[in-house]
Amino acid sequence: MKNKTFYITTTLPYVNAEPHIGFAMEIIRADIIARWKKLLGYDVFFNTGTDEHGLKIYRKAQELNIPVQKYCDEAAQKFKDLTNMLGISPEVNFIRTTDPHHIAAAQEFWKRVDKGGFIYKKNYSVKYCVGCELEKTDSELINGRCPLHPLQDLEIIEEENYFFKFSVFQQKLLDMYEKNPSFVLPDFRFNEIKAFVKRGLEDFSISRLASKMPWGVVVPRDESQVMFVWFDALINYISSTGWPDCVADFERRWVNADGVVQYCGKDNLRQQSAMWQAMLMAAGLPNSKTIVIDGFITGEGGVKMSKSLGNTVNPLKIVTQYGKEALRYYLAREVSSFEDSPFTMEKFKEAYNAGLANGIGNLVSRVMKMAQDNLEAPIKVPVSVGDATSGAIPDDFKAAIERFDIHAASNIIWQHISEADHIIQDRQPFKLIKTDKVAAQGIIRDLCVRLFVIAQMLGPILPDTSGTIKELIKTNKTPATPLFVRK
RNA sequence: CGCGGGGUGGGGUAACGGUAACCCGUCAGGCUCAUAACCUGAAAAUUGCUGGUUCGAUUCCGGCCCCCGCAACCA
């Protein structure tokens, strides 16, 4: 029998800035789901990568006075390194929008959309601030003026661009939403995008003049234009599967997959759940199946993180200080699955001590010490540790993770940890062993089984810790050093 | 009347028609298998304000106040 397949992707971070905690959260969550599905026996295709075209990157490289490609190569390497540092599944697919295959795919995609009659040319006027030397959008302006240079009049630059007929997809999108009642999660985000589409859609420009900004995918049959970075970047979700060359892979990984999940932050709601879906429709390709929207990690007091406020958090620094499992723990358990959540180093340390050092770490030490000293042999554990259907994993945990509520799923694990601590306190096997060895051994074996179940659930979230615990149970050893040293 | 999210003990969150649960912190006690860990108990919330529905609302409805995103090409 052929394995069921599952597709999951993050958005591709734009390489004009250092990796930030928000993206770390997104990719860790996607990884948790990917690992979970793998545990269930799915053939999982897990995609991430880097978005490398566009004006901002072009300018950034110019500022640094290095070739754009070189800048992108270095930046992409940084994000690749990040995936290792965060303990992301090693088999993750890493796509770069500058990969030749992706570029070819983007051009093929364009051709199909064009063939369908959804691309046309028209004048596009850009508001340009000479002071900033940047194009400005209306939302950036205050009273129609650049807030940084309010005395200067904005220049209006007219250029001819290609546009995508987004407007004609309003009803098709609404119909698609209707047919897929959980297309966007959580539901309040789904409502938001529905309301947005109902208000009416405007066509958007999808190219730029190559003479002004050459760093992009060349438009087929018109070398004077390059694709606007959004358009090309979104296509990665299918070019990564092999489309259009390997149709078989595309069909297996995307078209016929049992799940096609796109994880993204709330700032990406429109792009993922409306624009990209319309683009797929225009190219005659099947839609995604689920879009999961994360909240933001904020600074103290719910304030937005920003460099100017100095409240940003570097995920690599945390990994260096506390380890990747600690960061994964925090992002899974302490951060709301769908709403904004604050982050401070103080909170992080508290959570680390409470959940990891005092929680799972301490429990492993106390249970395995008793087991090592009082059991003649390791307990028998389910042979196939990867078999999540064996009944070892509680149903409520399964349900929570299946609805992408990683926070709730994590809480269930820690309930089990607390329960085990209570059992030790109430039944005192360490004392009972002196008077009724058989009974005490029974309790200790039961505790080992409970610990094994906990390790099973921990698998997708803290893969290393899960493996370590299982190994200790199998060899009936207490850890030589604490799993998580108290900080 | 642009759209959406939120206001719950000192901090962070949960619940959701029947007087509030959890984590951190504080205080007192217990245990000794364990990482100054673990367990028990205590102090601490009129659940933003205000009307209404109801036998009963934190939970439903209306009004108001405040905070935060988004408001289209911000990749």
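Residues numbered from 1 in each chain as written. Chains lettered and ligands numbered in written order. Predicted model: local features only at pLDDT ≥ 70, side-chain atom pairs only at ≥ 80, totals over all residues. Heavy atoms only, no water.

A. Structural context of the domain arrangement of chain A. On domain assignment, one finds that chain A holds domain 1 (5-294) and domain 2 (345-475). When each unit is reduced to the centre of its C-alpha atoms, the spacing between domain 1 and domain 2 is 41 Å. Tallying the contact residues gives 13 residues for domain 1 and 14 residues for domain 2. Summed over both partners, the interface of domain 1 with domain 2 comes to about 1300 Å²; 77% of that surface belongs to carbon and sulfur atoms. Of all residues in domain 1, Ile-32, Trp-36 and Leu-39 give up the largest surface area on contact with domain 2, accounting jointly for 52% of the area buried on that side. Between the two partners, domain 1 and domain 2, sit one salt bridge. For Glu-402, the salt bridge goes to Lys-37, with nearest N and O atoms at 3.1 Å. The tally of links from domain 1 across to domain 2 stands at two residue pairs in polar contact (both at pLDDT 80 or more). Listing elements by their share of the side of domain 1 that touches domain 2, those giving two or more residues are α1 (21-39), β12 (259-265) and β13 (290-294). For the side of domain 1 that touches domain 2, the element with the most residues is α1, which contributes seven residues. Grouping the amino acids of the side of domain 1 that touches domain 2 by side-chain chemistry returns nine nonpolar, one polar and three charged. (Domains from an automatic or database assignment. Contact = heavy atoms within 4.5 Å. Buried area = accessible area lost by both parts, 1.4 Å probe. Salt bridge = Lys/Arg side-chain N within 4 Å of Asp/Glu carboxyl O. Polar contact = N/O pair within 3.5 Å; in protein donor to acceptor, adjacent residues only side chain to side chain. Helix = DSSP H or I, 4+ residues; strand = E, 2+ residues; numbered from the N terminus. Nonpolar A, V, L, I, M, F, W, Y, C, P; charged D, E, K, R; others polar.)

B. Looking closely at the sheet that holds strand β1 (residues 5-9). Taken together, six strands build an open sheet; the order of strands is β3-β2-β1-β12-β13-β7 and the sheet is parallel. Each edge of the open sheet carries a strand with a single partner, namely β3 (93-96) and β7 (184-185). Bridge count between β1 and strand β2 (residues 43-50): five bridges; the pairing is parallel. Pairing of Thr-5 across the sheet is with Asp-43, part of β2. Each of β1, β2, β12 and β13 touches α1; the most contacted strand, β2, lies at about 165° to it. Packing against the sheet, helix α9 (residues 247-255) makes contact with β1, β2 and β12, and its axis sits at approximately 80° to β1. (Pairing = 2+ DSSP bridges. Axes fitted to C-alpha atoms, helices over the stretch in contact; angles between N-to-C directions.)

C. Examining the protein's contact with RNA strand B more closely. Around RNA strand B, the surrounding shell holds 46 residues, and the nearest of these are Lys-56, Phe-228, Val-229, Asn-268 and Asn-362. When the atoms of RNA strand B within 4 Å of the protein are grouped by moiety, sugar and phosphate amount to 71% of the total. At 3.5 Å, a side-chain N or O of Asp-51 approaches a base nitrogen of RNA strand B. Backbone polar atom of Leu-483 to a base oxygen of RNA strand B: 3.5 Å apart, as the coordinates give it. For the surface near RNA strand B, the secondary structure elements donating two or more residues are α6 (187-198), α7 (229-234), α10 (269-282), α13 (345-374), α15 (406-427) and α16 (429-432). (Near = heavy atom within 4 Å.)

D. Focus on the sheet that holds strand β11 (residues 222-227). With antiparallel pairing, the three strands of this open sheet are ordered in space as β9-β11-β10. Two strands bound the open sheet, and with one partner strand each, they are β9 (207-209) and β10 (218-219). In this structure, β9 lies alongside β11, joined through three bridges in antiparallel fashion. Each bridged residue has a counterpart across the sheet, and for Leu-209 the counterpart in β11 is Gln-225. Sheet strands touched by helix α4 (residues 100-115): β9, β10 and β11. Its angle to β11, the strand with the most contacts, is close to 105°.

E. Region of interest: helix α3 (residues 68-85). Over its 18 residues, α3 extends 26 Å from the first C-alpha to the last, a length consistent with the 26 Å expected when each residue adds 1.5 Å. Looking at the buried side of α3, the elements it contacts are α1, β2, α2 (55-64), β3 and α11 (315-322). Once α3 finishes, Gly-87 follows within two positions and takes phi at roughly 70°, a positive value. (Expected span 1.5 Å × (residues − 1).)

F. Main features of the nonpolar core. Membership of the largest hydrophobic core comes to 102 residues, with the highest contact counts inside it found for Ile-8, Leu-331 and Ile-360. Lining this core are residues from two domains, each supplying at least three of them: domain 1 (5-294) and domain 2 (345-475). Residues within four places of Leu-331 in sequence aside, it is in contact with Ile-21, Ala-24, Met-25, Ile-28, Arg-29 and Ile-297. Listed in part, the 53 residues of the second largest apolar core include Leu-173, Val-197, Val-260 and Met-281. (Core = buried A, V, L, I, M, F, W, Y, C linked by side-chain atoms within 4.5 Å. Buried < 20%, exposed > 50% of the residue type's maximum accessible area, 1.4 Å probe, protein only.)

G. Representation of the packing of aromatic side chains. Enumeration according to the criterion identifies 31 aromatic pairs in this entry. Considering the side-chain rings of Phe-6 and Tyr-42, the 6.1 Å spacing of their centres and the 70° angle between planes classify their relative orientation as edge-to-face. Taken together, the positions of Phe-6 in strand β1 and Tyr-42 in the loop between α1 and β2 put the pair 36 residues apart, joining distant regions of the chain. Neither Phe-6 nor Tyr-42 differs from the other in exposure class; each is buried. (Phe/Tyr/Trp six-rings, centres within 6.5 Å; stacked < 30°, edge-to-face > 60°.)

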